[in-house]
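Each chain, letter by letter, is given below.
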Amino acid sequence: MFVHPWMGIVANIPTIVQDGKHVADSGKKLKEDLAEKGFNPLKVQPLWNGKHGHSGFAVVEFNKEWDGFNNAIMFERSFELDHYGKKDYYSSRRRKDKLYAWVAREDDFYSQGLIGKYLRRKGDLKSVSSKEAEDKRKTSKLVKTLTNTLETKSQRLQEMQNKYNEANSSRSTLMQQREDMIKAYNEESKKMQENAHNHFKQIFLEHERIGQHFQDQQRELEQREKELFQREAQNEAETKKIQHEKMMNERAALEQKKADETVLKLAEEHKREKEKLHRQIIELEKQLDAKQTLELEIQRMKGALQVMQHMEDGDAEMNKKIKAIEDELKEKEEELEDMEDLNQALIIKERKSNDELQDARKELITTFRDVSARSHIGVKKMGELETKPFQTAAKRKYSAKEADEKSAELCSLWQEYLRDPSWHPFKIITDKEGNAKEILDEEDKKLIDVKAEFGDEVYGAVTVALKQMNDYNPSGRYIVPELWNFNEGRKATLKEGVQHLLNKWKQYKRKRH
């Protein structure tokens, strides 16, 4: 029997007397000497007597595994070869000034004095065979633990592979939808470009017609002027009038040329704006009809104002119309700005009101949390299993004595399944319109097993709780309280909750009076 953890004893350590007590070198130096010889001690502990000081003995501690045992045996044999072992120490009457050492065994363990006390305090007795048996048990237990861990990891890997396949399928669907959207966008963009091209083609044709009309008028005026000179019956007033008309015609032609250049620039800007606005078409469609009408009216008035400014010839009536349009345009722009401010204010107010409603709903849920189930308005725990189907199934399958206990165990087990995020018996399908949605996977093994073993009622309770958990808390998978109308089997409105609370308060008030 050896002392375990493996220990060695060093004896005959030289000491000197100092201040009435024996002292010697520290255990650190002895540990370093032993380590240099390859014995790899963990610790060297000198044994001290409180009254006399250093006892001349020290305990060497080795690693408790088999490599430590090997080092301890080598340590003992090294000293025995030099005749400084345990037998040498106890049989020699004239001990030389050398160290004696051996491995601690049963007789040392039960010995009286400092050595026995230290060994009994730090270790216990163990044979080589018992150590081997203990290691074998530990190894077997480790192998079993590793086997179970491997099986768990393999199962988890398979679940992750299934999730990956589902995610990959969903990604393929999304990529197909993206390609369809890009194709529709390209077709719509092409159609808009063709419409814009046709629209500006008509504008250019109209400008060419007007330009041709001005040229015809110019030629007509020149011909009339030529005829007047040829007849030598010039009328000064008529000549001035013709010259004035000619000047106005030239000015109009110049303005027309500037307008043509402006139209070309507007066409380019319009094309760029079309491309930019098309990317925002979804957001623009959500704007109010009143705002769209007002913006269109402002654009129409700006266009009319621009054309009238191009055609301005100093006529007072024309200037008056331009001034009226400018004033009306300014009013419309102010009206649009007020409308945008109002819209923004309404949005902020709506958000604030919605937050207040949500806070009020949370307070009602807190208030009704302890209300009796007999009340038609109360709190329903979404994702919690109903116990009645499990009780019915347990009564069919088990005796009356153990039915209640079995139903509780079964209900608790399936509630744990519901809380497990790794179990997600849902699948994604795509309808005829190409929209992806998530539905219950009725081919899931657990659902098939529970239906086959316990019937439709338990299956229905599990699937209802699953859908509720997936709707209210798919990531956390814990129960969520909800304000509920038990009479109609639906989510209660805030108005119903407040009305029910008022009725309860009135009943309480009448009871007090």
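Coordinates for the structure precede this section.
Since we're looking at a predicted model, the values are computed, not measured.

1. A look at the packing of helix H12 (residues 400-419) against helix H14 (residues 456-472)
For the pair H12 and H14, interaxial distance at closest approach is 10 Å and the crossing angle is 30°. Of the possible angle classes, the one that applies to H12 and H14 is roughly parallel. The crossing of H12 and H14 is right-handed. Contacts between H12 and H14 involve Trp414, Gln415 and Leu418 from the former and Val462, Ala465, Leu466 and Met469 from the latter. Partitioned by chemical class, the residues of the contact of H12 with H14 number 6 nonpolar, 1 polar and no charged.

2. Overview of the packing of helix H11 (residues 388-397) against H12
Packing of H11 against H12 leaves a shortest axis separation of 8 Å and a crossing angle of 130°. The orientation of H11 with respect to H12, classified from their angle, is oblique. For the element pair H11 and H12, the recorded crossing hand is right-handed. Taking contact as the criterion, the partners of Phe390, Gln391, Ala394 and Lys395 in H11 are, on H12, Ala403, Ser407, Leu410, Cys411 and Trp414. Counted by class, the contact of H11 with H12 contains 6 nonpolar, 2 polar and 1 charged residues.

3. Quick word on the pattern of salt bridges
This model, assessed by the stated rule, comprises 13 salt bridges. Salt-bridge contacts for Arg156 lead to Glu159; the nearest nitrogen and oxygen are separated by 3.6 Å. Of this pair, Arg156 and Glu159 are both found in helix H6 (residues 128-231), 3 residues apart, which corresponds to roughly one turn of the helix. Judged by relative accessible area, which is 24%, Glu159 ranks as partly exposed. In this structure, Arg490 and Glu488 form a salt bridge, with 2.6 Å as the shortest nitrogen-oxygen distance. By relative accessible area, Glu488 is classed as exposed at 54%. In this structure, a network of salt bridges that share partners links the residues Lys86, Asp107 and Asp108.

4. Let's talk about the environment of Glu326
Along the chain, the position of Glu326 falls in helix H10 (residues 316-368). Along the sequence, Glu326 and Lys302 sit 24 residues apart, while their C-alpha atoms lie 8.3 Å from each other.

5. Regarding the packing of aromatic side chains
Per the counting criterion, the structure on display carries 18 aromatic pairs. Ring geometry for Phe57 against Tyr89: centres 6.1 Å apart, planes inclined by 75°, an arrangement best described as edge-to-face. One end of the pair, Phe57, is in strand E6 (residues 53-61); the other, Tyr89, is in helix H3 (residues 86-91), with 32 residues separating them in the sequence. Across the pair, Tyr89 and Phe57 agree in class, each one buried. Taking relative accessible area as the criterion, Tyr89 reaches 9% and is therefore assigned buried. In this structure an aromatic cluster arises from ring pairing among Phe57, Tyr84, Tyr89, Tyr90, Tyr100 and Trp102. Here the guanidinium or amino end of Lys406 rests over the ring plane of Tyr398, the centre of that ring lying 5.5 Å away. Residue placement shows Lys446 over the ring face of Tyr417; its charged tip is 4.0 Å from the ring centre.

6. Here's the deal with helix H2 (residues 66-81)
Over its 16 residues, H2 extends 22 Å from the first C-alpha to the last, a length consistent with the 22 Å expected when each residue adds 1.5 Å. Those residues of H2 lying buried are Gly68, Phe69, Asn71, Ala72, Ile73, Phe75, Glu76 and Phe79. Tucked inside the fold, the buried residues of H2 contact strand E1 (2-4), strand E2 (7-11), helix H1 (27-36), E6, strand E7 (100-103) and H6. One or two steps after H2, the chain reaches His83, where phi turns positive at roughly 65°.

7. Concerning the nonpolar core
Membership of the largest hydrophobic core comes to 35 residues, with the highest contact counts inside it found for Val10, Phe75 and Leu119. Every element with two or more residues in this core is listed here: E1, E2, H1, strand E5 (43-49), E6, H2, E7 and helix H5 (114-122). Ranked by residue count, the leading element in this core is H2, at 5 residues. For Leu119, the residues in contact, after removing those within four places along its chain, are Val3, Met7, Ile9, Val59, Ala104, Asp108 and Phe109. Residues Leu385, Ala393, Trp423 and Met469 belong to the second largest nonpolar core, which totals 20 residues.

8. Some words on the sheet that holds strand E13 (residues 490-491)
One open sheet accounts for 3 strands, arranged E9-E12-E13; its pairing is antiparallel. Looking along the sheet, the strands with just one partner apiece sit at the ends: strand E9 (377-382) and E13. With 2 bridges joining them, strand E12 (residues 480-485) and E13 adopt antiparallel strand pairing. From the neighbouring strand, Trp484 faces E13, where its bridge partner is Lys491.

9. Brief notes about the side chain of Glu482
Residue position: Glu482 is located in strand E12. With relative accessibility at 6%, the residue Glu482 sits in the buried group.

10. Structural notes on a negative patch on the surface
On the surface, Glu328, Glu331, Glu334, Glu335, Glu337, Asp338 and Asp341 cluster together into a negatively charged patch. Looking at the element boundaries, Glu335 is found in helix H10. The exposure class of Glu335 is partly exposed, given its relative accessible area of 40%.

11. A closer look at unusual backbone geometry
Pro5 follows His4 through a cis peptide bond whose omega is 0°. Within the secondary structure, Pro5 is located in the loop between E1 and E2. Despite not being glycine, Asn12 has its phi angle at roughly 65°, a positive value. Considering the arrangement of structural elements, one finds Asn12 in the loop between E2 and strand E3 (16-18). Note on Asn12: relative accessible area 23%, which makes it partly exposed. For Asn40, which is not a glycine, the phi torsion comes out positive at approximately 50°. Examined against the element boundaries, Asn40 turns out to sit in the loop between H1 and E5. Classification of Asn40 as partly exposed rests on a relative accessible area of 47%.

Rules used throughout
- Residues numbered from 1 in each chain as written.
- Predicted model: local features only at pLDDT ≥ 70, side-chain atom pairs only at ≥ 80, totals over all residues.
- Heavy atoms only, no water.
- Axes fitted to C-alpha atoms, helices over the stretch in contact; angles between N-to-C directions.
- Helix = DSSP H or I, 4+ residues; strand = E, 2+ residues; numbered from the N terminus.
- Parallel < 35°, antiparallel > 145°, perpendicular 65-115°, else oblique.
- Left-handed = near helix turned anticlockwise from the far one by under 90°.
- Contact = heavy atoms within 4.5 Å.
- Nonpolar A, V, L, I, M, F, W, Y, C, P; charged D, E, K, R; others polar.
- Salt bridge = Lys/Arg side-chain N within 4 Å of Asp/Glu carboxyl O.
- Buried < 20%, exposed > 50% of the residue type's maximum accessible area, 1.4 Å probe, protein only.
- Phe/Tyr/Trp six-rings, centres within 6.5 Å; stacked < 30°, edge-to-face > 60°.
- Lys NZ or Arg CZ within 6 Å of the ring centre and 35° of its normal.
- Expected span 1.5 Å × (residues − 1).
- Core = buried A, V, L, I, M, F, W, Y, C linked by side-chain atoms within 4.5 Å.
- Pairing = 2+ DSSP bridges.
- Patch = residues over 30% accessible without salt bridge, like charges linked within 9 Å, V, L, I, M, F, W, Y side chains within 5 Å.
- Areas by Shrake-Rupley, 256 points an atom, 1.4 Å probe, with all protein chains shown as cover.
- Lys, Arg positive; Asp, Glu negative; His and termini not counted.
- Charge placed at Lys NZ, Arg CZ, Asp CG, Glu CD.

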